Amino acid sequence: MKMTDKVKATALSAAINSALAFLGDDLETNSIKLLDLIEKFVSPDWFGPARSMIRKSIESKDNWYRLMERMWNLDKNVRNTLLRNFLVNSALIGSAKEREISEKEGCNVPWAMLIDPTSACNLHCTGCWAAEYGNKLNLTFDELDSIISQGKELGTYMYLFTGGEPLVRKDDIIRLCKKHNDCVFVSFTNSTLIDEAFIAKMKEVGNFVPAISLEGFEEANDFRRGHGVYAKVRNAMNLLKSNGLPFGISTCYTSKNAEDVSSEKFFDMIIEQGAYFIWLFHYMPVGAGAVTELLPTPEQRAHLMHKVREYRKTKDIFSIDFQNDAEYVGGCVAGGRKYLHINAKGDIEPCAFIHYSDSNIREKTILEALKSPLFMAYHDMQPFNENMLRPCPMLENPEKLVAMQKKSNAYSTEYESPENAEDLAKKTEPYAEKWTPTADDLWSQSPRCKCKKNA
């Protein structure tokens, strides 16, 4: 990192720490005082629009202010640790370092890494590729530690665990949180292994956040995850909320649950339960056991997109619809552009849903993998479509994935039943064909669509 960037980062870090101390426990009163104080010492163009938006939110007590207010009721150590690690280390220091290395090396450098500590899971969910892998594979603690250490050298301070069920390795995860206390750790989890003892450890480390898998209300959720799981999820959410701990919801939407998870009733329920964010993922037909009938229809996907954007204006929860929000991040974020995935065998994949690789952590460094033929194919071809509602090289542009896999000679990382890219494309080509007319129509209405300027 350049010296000027280091000075700026240090100054901003000190400012954020001072701001957190100043705000104390009275967010409403002290937030306005803090804004008034800032405006006395900074120029009008220093994050002027952002400051105006924050002030408006506080004064109007809108949904974003209500979300901040809920955050201020969290356990103080957890709240301040997460805010410092996210705002200072990840968003400020890390992002500057990522850009510097990306420019120097001519490759993507990720903001976040998604890691599978284990293939083991205590559930067997319909349509989940991890269910096929069994309890065979694990990354050692030293390997996980090395990945994170390498990542921080690149500027990456955000780590997300998946699997398998990551909390099968909960003791090692807590060890990593303690050792790398400058990072933010999030775990996609079915939540059934969250108990009082683990709650105490979460409070101690302060930098761990569960993203609980929930596929709708009881019938839709237990259709995929098994009888009784919905009740266990509700119990885990109650436990987290009562202890002042943050958590979010991870939802895979399918043809079976799209109505459930796009409903106002569902959003209101998870907010009432204490969730601070919801990440919505489009079902991907990956693996030999994939059920293509679970792919949502164009009408279901469009409806969900509209509802999520509507709720952002009124609901006090942060929501990301990963397939439909590509326009806000310039297309596909995989291949190290914003994130990459490392499976429990050590294979470094462009995406959690793209099970092909030409690198393994036991043979290459993370930076070497980012400069490998497969990752450079991603780097050179992104975005994969000018229509940001068709961002994915597997789901909406399957010919692009086939081309990249062939060009890089990447191998299939499916543990039990290797799947070649052509066979995977055959499962998504009909979906892409059906979605394209709807996507093109929706995209033409977006202010970010260049076609409007050419019309």
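Everything discussed here concerns the structure shown above.
It should be emphasised that the depicted structure is a prediction, and the values quoted were computed from it without experimental measurement. (Residues numbered from 1 in each chain as written. Predicted model: local features only at pLDDT ≥ 70, side-chain atom pairs only at ≥ 80, totals over all residues. Heavy atoms only, no water.)

J.: Is there a simple way to explain the nonpolar core in this structure?
T.: Within soluble globular proteins, side chains that are nonpolar generally end up buried alongside one another. Judged by nonpolar contacts, the single largest core of 119 residues is most densely connected at F208, I249, F266, I270, I366 and M394. It is helix 18 (residues 421–444) that contributes the most residues to this core, 8 residues altogether. In contact with M394, other than residues within four places in its own chain, are M284, V286, F353, I354, L401, L424 and T428. Formed by 10 residues, the second largest nonpolar core is a distinct cluster that contains L23, L27, Y65 and W72. (Core = buried A, V, L, I, M, F, W, Y, C linked by side-chain atoms within 4.5 Å. Buried < 20%, exposed > 50% of the residue type's maximum accessible area, 1.4 Å probe, protein only. Helix = DSSP H or I, 4+ residues; strand = E, 2+ residues; numbered from the N terminus. Contact = heavy atoms within 4.5 Å.)

J.: What exactly am I supposed to notice about the environment of I194 here?
T.: You can see I194 is positioned in the loop between strand 3 (184–189) and helix 9 (196–205). In sequence terms I194 and A236 are 42 residues apart; their C-alpha atoms lie 6.3 Å from each other. Leave out the neighbours within four places in its chain, and I194 touches L167, I199, P210, L239 and L240.

J.: Help me understand the pattern of salt bridges, please; the structure alone is not making it clear to me.
T.: Pairing is possible between side chains of opposite charge, provided their charged atoms come close. For the structure shown, the criterion picks out 23 salt bridges. Two residues, R55 and E59, come together in a salt bridge whose shortest N-O distance is 3.9 Å. One end of the pair is R55 and the other is E59, both in helix 3 (residues 48–60) and 4 residues apart, which spans about a single turn. Given a relative accessible area of 18%, R55 falls into the buried group. (Salt bridge = Lys/Arg side-chain N within 4 Å of Asp/Glu carboxyl O.)

J.: Any chance you could explain the pairing of strand 5 (residues 248–253) here in plain terms?
T.: On a regular strand, each side chain points to the face opposite its neighbour's, so the side chains alternate between the two faces of the sheet. Taken across its 6 residues, strand 5 has 6 buried, putting it largely inside the fold. In strand 5, alternate side chains face the same way, and those of G248, S250 and C252 on one face and I249, T251 and Y253 on the other are all buried. Examined bridge by bridge, strand 4 (residues 208–213) and strand 5 share 3 bridges and lie parallel to one another. What sits directly across from A211, in strand 5, is G248. Two strands pair when backbone bridges link them, and strand 5 and strand 6 (residues 277–282) are joined in this way by 6 bridges, in the parallel orientation. Pairing of G248 across the sheet is with F277, part of strand 6. (Pairing = 2+ DSSP bridges.)

J.: Please clarify how the side chain of S319 should be interpreted in this entry.
T.: As for its placement among the helices and strands, S319 is situated in strand 7 (residues 318–321). Aside from chain neighbours lying at most four places away, what touches S319 is F267, I278, V308, R312 and D325.

J.: Teacher, can you tell me more about the packing of helix 16 (residues 373–381) against helix 17 (residues 398–408) here?
T.: The axes of two packed helices give the description: the angle between them and the distance between them. At their nearest, the axes of helix 16 and helix 17 sit 8 Å apart, and the two run at 140° to each other. Taken together, the axes of helix 16 and helix 17 are oblique relative to one another. The hand of the helix 16/helix 17 crossing is right-handed. Contact residues: helix 16 offers P373, L374, A377, Y378 and M381, while helix 17 offers K400, M404 and S408. Residues of the contact of helix 16 with helix 17, tallied by class, amount to 6 nonpolar, 1 polar and 1 charged. (Axes fitted to C-alpha atoms, helices over the stretch in contact; angles between N-to-C directions. Parallel < 35°, antiparallel > 145°, perpendicular 65-115°, else oblique. Left-handed = near helix turned anticlockwise from the far one by under 90°. Nonpolar A, V, L, I, M, F, W, Y, C, P; charged D, E, K, R; others polar.)

J.: Sorry if this is basic, but what is going on with the environment of S119 here?
T.: In this fold, S119 is placed in the loop between strand 1 (112–115) and helix 6 (130–133). The exposure class of S119 is buried, given its relative accessible area of 2%. Once the C-alpha coordinates of S119 and P49 are considered, the two residues, 70 residues apart in sequence, prove to be 45 Å apart.

J.: Where do I start with the pairing of strand 6 in this structure?
T.: The element strand 6 is extensively covered by neighbouring structure, given that 6 of its 6 residues are classed as buried. Side chains F277, W279 and F281 project from strand 6 onto one buried face, and the interleaved I278, L280 and H282 project onto a second face that is buried too.

J.: How should I be thinking about the sheet that holds strand 9 (residues 348–349) in this particular structure?
T.: Pairing in this open sheet of 9 strands is mixed, and the strands run 7-6-5-4-3-2-1-8-9 from one edge to the other. In this open sheet, the two edge strands, each paired with only one partner strand, are strand 7 and strand 9. Direction of pairing for strand 6 relative to strand 7: parallel, over a ladder of 4 bridges. Opposite L280, over in strand 7, you have D321 as the bridge partner.

J.: Would you mind going over the packing of aromatic side chains with me for this structure?
T.: What describes a pair of aromatic rings is the distance from one ring centre to the other and the angle between the planes of the rings. By the definition in use, this model includes 15 aromatic pairs. Geometrically, the ring pair formed by Y378 and F384 is edge-to-face, given 5.4 Å between the ring centres and 85° between the ring planes. Look at Y378 and you get buried, because its relative accessible area is 0%. Of the aromatic side chains, those joined through ring pairs into one cluster are F188, F277, W279, F281, F322 and F353. The ring of W72 is capped by R79, whose NZ or CZ atom sits 4.3 Å from the centre of that ring. One cation-aromatic arrangement involves K265 over F217; the distance from NZ or CZ to the ring centre is 5.3 Å. (Phe/Tyr/Trp six-rings, centres within 6.5 Å; stacked < 30°, edge-to-face > 60°. Lys NZ or Arg CZ within 6 Å of the ring centre and 35° of its normal.)

J.: Honestly, the side chain of R79 in this entry has me stumped. Any pointers?
T.: Turning to its location among the elements, R79 is positioned in helix 5 (residues 76–105). Taking the relative accessible area as the measure of exposure, R79 reaches 3% and is therefore buried. Reaching out from R79, the side chain makes a polar contact with the backbone oxygen of W72 at a distance of 3.0 Å. Beyond its immediate sequence surroundings of up to four residues, R79 is in contact with G24, M71, W72 and L74. (Polar contact = N/O pair within 3.5 Å; in protein donor to acceptor, adjacent residues only side chain to side chain.)

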